[in-house]
Amino acid sequence: MQPIYVSVGLAWERAEREAVARLLADGAVRSRVRPLATLAVDMTDVYPAAHWAVQGKPPAYHTPDEDVYLPGRNIVLLGKAGVFCALAGIPRLVVGTLGHNPFPDATPAFRSAMETALSLGLGQPLRIDAPFAEVSKAEVIRRGIALGVPLHLTLSCMNPAGAPESGIHCGLCSKCRERHDAFLEASIPDPTSYADRKYVGG
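These numbers were taken from a predicted model, which means no experiment stands behind them.

Caption draft 1: Structural detail: the environment of alanine 186. Summarising the element assignment, alanine 186 is placed in the segment after helix H7 (174-185). A relative accessible area of 9% means that alanine 186 is categorised as buried.

So, in structure tokens, the structure goes:
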């Protein structure tokens, strides 16, 4: 398995890359995957400097998922990763879209169109799969636990607190809400370190 990280210039990326490095270095994961391929596409000339994702001021805890829409995000991710896969001889690209994703670039029709466009444009077949597209985050957590994935090393926060290597979630953004609610729904204790626990208890 070849993990790919595509950096586009968003505020949380340094902390996210640190979290990926910690996860991939863990003994439960290290033997299953190749070293991380880190790619870059600068989107800061498209998203304005005042954009919440560039400034690191994400929508608050109780805001709906629609408020965190980043136009073209999956177009950029799949486009860059697709070229990498073609050059590396990898015929299948997997994206982690979840069942509740409300955005237009997370639909089966979009993935099918991107698969066709990339296959045509690269001159070789590339399959795009989203194995969790009908699955809740709670179910992903259950599957992760069953597989021995160290979920405490993962990051799903748009404004991580402290040093990037700390892995501390802010506890105040809507991604932290989504994460915490998923652990509750899965009936699994949330192992996450939150800087602010007013919404996540204790």
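Read on for the rest.
Caption draft 2: Structural detail: the packing of helix H4 (residues 73-88) against helix H5 (residues 108-122). Packing of H4 against H5 leaves a shortest axis separation of 11 Å and a crossing angle of 40 degrees. With respect to their mutual orientation, H4 and H5 come out oblique. Judged by the twist between their axes, the crossing of H4 over H5 is right-handed. Here Asn74, Ile75, Leu78, Gly79, Gly82, Val83 and Ala86 of H4 come into contact with H5, specifically with Phe110, Met114, Leu118 and Leu122.

Caption draft 3: Spatial organisation of the pattern of salt bridges. Taken as a whole and assessed by the stated rule, the structure comprises eight salt bridges. When the shortest N-O distance is used, the salt bridge between glutamate 13 and arginine 17 registers 4.0 Å. One end of the pair is glutamate 13 and the other is arginine 17, both in helix H1 (residues 13-25) and four residues apart, which spans about a single turn. What makes arginine 17 partly exposed here is its relative accessible area of 31%. Note that arginine 127 is salt-bridged to aspartate 129, the shortest N-O span being 2.8 Å. Judged by its relative accessible area of 15%, aspartate 129 falls in the buried class. Among the charged side chains, a network of salt bridges with common partners joins Arg92, Arg127 and Asp129.

About the criteria used
- Residues numbered from 1 in each chain as written.
- Predicted model: local features only at pLDDT ≥ 70, side-chain atom pairs only at ≥ 80, totals over all residues.
- Heavy atoms only, no water.
- Helix = DSSP H or I, 4+ residues; strand = E, 2+ residues; numbered from the N terminus.
- Buried < 20%, exposed > 50% of the residue type's maximum accessible area, 1.4 Å probe, protein only.
- Axes fitted to C-alpha atoms, helices over the stretch in contact; angles between N-to-C directions.
- Parallel < 35°, antiparallel > 145°, perpendicular 65-115°, else oblique.
- Left-handed = near helix turned anticlockwise from the far one by under 90°.
- Contact = heavy atoms within 4.5 Å.
- Salt bridge = Lys/Arg side-chain N within 4 Å of Asp/Glu carboxyl O.

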